[in-house]
Amino acid sequence: MPRKTTRQSLTPAREGRAARVKGTKAQGKADAKAIHGQLPQWTTAEIAEAFRRFEAANPSPRGELEHVDPFTLLVAVVLSAQATDAGVNKATPALFALADTPGKMVKLGEARVRALIKTIGLYRTKAKNLIALSSKLVAEHGGRVPHDRAALEALPGVGRKTANVVLNVAFGEPTIAVDTHIFRVGNRTGLAVGKTPLEVEAKLMQAVPERYRLHAHHWLILHGRYVCLARRPLCEKCIIADLCKWPGKTTNTPASVSSSA
Ligand code: SF4
């Protein structure tokens, strides 16, 4: 039987009936409470239990940005800022067909890169950054993506979140990149409460048991993207509903955990 992709396995949750949250006003209040750190922080045992269930449901979670090596991953992550992974995946095959190395990217030039990625938000700035970071990779790193946080963050268009994704996915480091989904899930549930992405990242790095840290970022992103949606969380499909501290949740009964990978 063919294996399901993460997207396929989670699609039923998205297509399921949205939770009847307790009115927009009540939900807004609950989110405000969460963002101000007023929800109780999870215990160590609760955190371990949540990740035990995430692992049981999806033992090898994968990101959804298509890439073949560290450079194409870096490019895809830079392009994904304030854009969807699906939108990036539509544009990158044509881009990578012409420029799958820093040298080829520089040769292609900013105008052609811009034309190839124009369906993606902020494409002008991103095209400029792709050329600049590719030039820097050629000039300072022998055309390779450095396995080093400081060197990654010194590249144009690369911040802490992008560096964390590259370190995790390309180099197998147990980093946690806090994007909009993880920030929401961390604060909303009480799993990792913080006013900034950096605070949430620090809490997660401290609280998530070491054995789960490598995949923690993918589990939480997928949970936020397909179950704990910003406007209509699907609490009835949620495997951590009993652990979640969000006052706006609609059930305390966790959905049963079944392996979907
Ligand atoms: S129960 Fe689950 S889906 Fe609902 S708010 Fe909590 S974490 Fe999100």
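Residues numbered from 1 in each chain as written. Predicted model: local features only at pLDDT ≥ 70, side-chain atom pairs only at ≥ 80, totals over all residues.

Can you walk me through the nonpolar core in this structure?
Side chains that are nonpolar tend, in soluble globular proteins, to be buried together. In this structure, Leu74, Val113, Leu130, Val166 and Cys238 are the most contacted members of the largest nonpolar core, which totals 67 residues. In terms of residue count, helix 4 (residues 70-79) provides more of this core than any other element does, eight residues in total. Looking at which domains feed residues into this core, each of domain 1 (6-62 + 175-237) and domain 2 (70-169) supplies at least three. In contact with Leu130, other than residues within four places in its own chain, are Val75, Val78, Met105 and Val113. (Core = buried A, V, L, I, M, F, W, Y, C linked by C-beta atoms within 7 Å. Buried ≥ 20, exposed ≤ 12 C-beta atoms within 10 Å, placed from the backbone. Helix = DSSP H or I, 4+ residues; strand = E, 2+ residues; numbered from the N terminus. Domains from an automatic or database assignment. Contact = placed C-beta atoms within 7 Å.)

What am I meant to see in the site of the ligand here?
What surrounds the ligand is a group of 13 residues, the closest being Cys228, Pro233, Cys235, Cys238 and Cys244. Its residues assigned to classes, the shell around the ligand comprises 10 nonpolar, one polar and two charged. (Near = placed C-beta within 6 Å. Nonpolar A, V, L, I, M, F, W, Y, C, P; charged D, E, K, R; others polar.)

Just to check I follow, could you spell out unusual backbone geometry for this structure?
Peptide bonds are, in most cases, trans, and in most cases residues other than glycine have a negative phi. With a phi angle near 50°, Gln82 is a residue other than glycine that sits in the positive phi range. Structurally, the position occupied by Gln82 is in the loop between helix 4 and helix 5 (85-98). Given 10 C-beta atoms within a 10 Å radius, Gln82 is considered exposed. The phi angle at Leu122 is positive, at roughly 60°, despite the residue not being glycine. Structurally, the position occupied by Leu122 is in the loop between helix 7 (110-116) and helix 8 (123-141). A residue is classified by how many C-beta atoms lie within 10 Å of it, and Leu122, with 14 of them, is partly exposed.

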